[in-house]
Amino acid sequence: MSKRKRHNRNFGFATRAIHHGYDPRDENGALNPPIYMTSTFAFESAKDGGEMFAGEREGYIYSRLGNPTQNLLETRMAELEGAEAALATASGMGAISATLWTLVEPGDELIVDKTLYGCTFSFFTHGLRKFGVTVTPVDLTVPENLVNALNEKTRVVYFETPANPNMRLIDIANMRKIVDDSLYSENVTLVVDNTYCTPYLQSPLAEGADLVIHSATKYLGGHGDLVAGIVAGPFETMQSIRMHGLKDMTGAVLSAMDAFLVLRGLKTLEVRMDRHIQNAQAIANLLEDHPLVENVYYPGVKSFKHYDITQRQMRGPGGMMAFELKGGMEAGTHFMDALDLVIRAVSLGDAETLVQHPASMTHSTYTREERLVHGISDGLIRLSAGLETTSDLLEDIDQALTKTNSFVTKATKSHQSA
Ligand code: 3LM
C-alpha cells in the first residue's frame, strides 16, 4: 500500500484500475511497481520476528503469507470490487478451494447453481463431498428453488453469473433477499464468481453477495500469459481465508511476477472490455441472423432469456457467448475446424478470439447425463470475443458458417436418399 496519500477524489473505474494503492514517489519514481522476487523477509530483530508471528506487529514474513506485489494487487482488486479486502491466489481454482476449505466443515451443506465451470463442479462434487460436505445443485434462475433448498445445514450459496458455459444469469440481489428472509441468514455466505463480467461490468458485493471470486487468468490478466485468482470480501473473512484456506490448506499463493502481470492487465481492463463487447455484439448479431444457427446465448441480444436481469445487474453484455448450430455436435465441430483466424482453445478473456466445445473440453468433468441435467448440450459452442478488427472476425465466422452449411445440407441429402 502507498505510504503517501494521493488526492482522495472520487475517481472513475479506469483511473482506479491504473493508480489505486500505488504512488511512484514511494518507489524511487518507478512508474511501475517493483516485483518483489523474494520468498522470505529479514526481521529487524528476533523479538520483531516473534511479534510478527504472534500477530502483534505488522510486516512481511514469508511470501506464502503475503508479499508487497501481491498486496498491491489485492488492494487494487478490493477497491475495484468495493470490498474491504482481497486475496490473490495462484489460480481461480486456488481462490475457490481456499475459500471453501475455510467456510465449510464435515456435515455442512453447499447449495450451488446447476451450471458451473467444469473444475468448480468437479471440486465441489468429487472433492468436497469426499470430506463429508453435502453439495446440492439447484436451478437458481428459479428463485423459489433457493427458498426450498435452504436449511439449517446450509453454509454457502455459490453461483456464477453469467454461468460458464451456457450464459444463464442469476439475480444476485434476489438471492440475497431470499437468504435474508430465511431462518438461516446468519449461517450462510453468498459467493459469486464474477469471472465473466469483471468488476467493470458487475459488482456482486453491491448487489448483496458476501464474497466475490475471479479467475484472474481471464479478463483481469487479459493476455493469456498467466494463471491467477482473486477472492474479495470483508476484512475478517479474507484474513481467515489467507491464514487457513490459503496458507495451510492449499498453499496456492500467487507469485510476485504474476501479481505484477495482473496489475499490468488491470490498467487496460476498461478499454479492453469495451472492445470485447463491441466484437461480441457484432458476432452475436451475425449468429442470430444466420439460418444455420439454432440458438444464441448472449446478454446483448433481445431474444436472450434473462435480458431483464442483464439490464438491471450488468453494465454491459460482456465478451462471452454460447450458441448451438442446426446439425448439433457434428455441425459444431465442423464449424470450429473451418475457422481460420479464430483460435480453437479453452480459457477466455484474451486478446485472441477463442472457441471451444464445452461438452468435450471445459465441461468434460461432468458425465453426459450430468451435462444434460445441468443444461450443457452436446452441440453447444462457446466463444470468447477477442480484440481483433471486428470485420476480420465477422468474415472468418461467416465463411466457416457457409462451409458448415454446405456440409450440413450434403449430410441431410445423403441421409434422406439412404
Ligand atoms: C475455461 N475456466 O475455459 P483457473 N471460474 C470460472 C472459470 O471459467 C474458470 C475458473 C473459475 C476455464 C479454464 S478449462 C481447462 C480452462 C468461471 C476457468 C478457474 O483456475 O484460473 O483456470 O480458474 O472456462
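Residues numbered from 1 in each chain as written. Predicted model: local features only at pLDDT ≥ 70, side-chain atom pairs only at ≥ 80, totals over all residues. Heavy atoms only, no water.

Here's the deal with helix 5 (residues 118-127)
Move 1: Most of helix 5 is tucked away: 8 of the 10 residues are buried.
Move 2: Within the sequence span of helix 5, burial applies to Gly118, Thr120, Phe121, Ser122, Phe123, Phe124, Thr125 and Gly127.
Move 3: Taken together, the buried residues of helix 5 touch helix 4 (92-103), strand 2 (109-113), strand 3 (134-138), strand 4 (154-160) and helix 15 (368-373). (Buried < 20%, exposed > 50% of the residue type's maximum accessible area, 1.4 Å probe, protein only. Helix = DSSP H or I, 4+ residues; strand = E, 2+ residues; numbered from the N terminus. Contact = heavy atoms within 4.5 Å.)

What to know about the packing of helix 3 (residues 68-81) against helix 11 (residues 256-267)
Move 1: Helix 11 packs onto helix 3 with a crossing angle of 35° between their chain directions and a minimal axis gap of 8 Å. Along this stretch, helix 3 crosses helix 11, giving a crossing that reads as left-handed. Along its contact with helix 3, which presents Thr69, Gln70, Leu72, Leu73, Arg76, Met77 and Leu80, the element helix 11 presents Ala256, Ala259, Phe260, Val262, Leu263 and Leu266.
Move 2: Looking at side-chain class alone, the contact of helix 3 with helix 11 contains 10 nonpolar, 2 polar and 1 charged residues. (Axes fitted to C-alpha atoms, helices over the stretch in contact; angles between N-to-C directions. Left-handed = near helix turned anticlockwise from the far one by under 90°. Nonpolar A, V, L, I, M, F, W, Y, C, P; charged D, E, K, R; others polar.)

As for the sheet that holds strand 8 (residues 293-297)
Move 1: The 5 strands are arranged 8-9-12-11-10 in an open sheet whose pairing can be described as mixed. Across the chains shown, the open sheet's two edge strands, defined by having one partner strand only, are strand 8 and strand 10 (343-344).
Move 2: Across 2 bridges, strand 10 lies against strand 11 (residues 354-356) in parallel orientation. Paired with Ile343 across the strands is Leu354, a residue of strand 11.
Move 3: Sitting on the sheet, helix 14 (residues 328-338) is in contact with strand 9 (320-325), strand 10, strand 11 and strand 12 (381-384), with an inclination near 125° to strand 9. (Pairing = 2+ DSSP bridges.)

Regarding the site of the ligand
Move 1: Lining the immediate surroundings of the ligand are 18 residues, of which Gly92, Asp193, Thr217, Ser347 and Arg382 lie closest.
Move 2: Here Ser347 contributes a backbone N or O atom positioned 2.7 Å from an oxygen atom of the ligand.
Move 3: Protein burial of the ligand: of its 550 Å² of free accessible surface, 85% is covered by the chains.
Move 4: Sorting elements by how many residues they give to the shell around the ligand places helix 4 first, with 3 residues.
Move 5: A breakdown of the residues in the shell around the ligand according to their chemical character gives 6 nonpolar, 8 polar and 4 charged.
Move 6: Residue assignment places the shell around the ligand across two domains, with domain 1 (13-267) and domain 2 (269-417) each supplying three or more. (Near = heavy atom within 4 Å. Polar contact = N/O pair within 3.5 Å; in protein donor to acceptor, adjacent residues only side chain to side chain. Areas by Shrake-Rupley, 256 points an atom, 1.4 Å probe, with all protein chains shown as cover. Domains from an automatic or database assignment.)

Thoughts on the domain arrangement of the chain
Move 1: You can read the domains of the chain as domain 1 (13-267) and domain 2 (269-417).
Move 2: For domain 1 versus domain 2, the distance between C-alpha centres works out to 29 Å.
Move 3: Contacts between domain 1 and domain 2 engage 46 residues on the former and 41 residues on the latter.
Move 4: In total, domain 1 and domain 2 occlude about 3600 Å² of area from one another, counting both sides; carbon and sulfur atoms represent 58% of this.
Move 5: Linking domain 1 to domain 2 there are 1 salt bridge.
Move 6: Residue Arg312 pairs with Asp171 through a salt bridge whose shortest N-O separation is 2.3 Å.
Move 7: Seen at the junction of domain 1 and domain 2, the total is 25 residue pairs in polar contact (both at pLDDT 80 or more). (Buried area = accessible area lost by both parts, 1.4 Å probe. Salt bridge = Lys/Arg side-chain N within 4 Å of Asp/Glu carboxyl O.)

So, the pairing of strand 1 (residues 85-89)
Move 1: The element strand 1 is largely enclosed, with a buried count of 5 among its 5 residues.
Move 2: The side-chain alternation of strand 1 yields two buried faces, one formed by Ala85, Leu87 and Thr89 and the other by Ala86 and Ala88.

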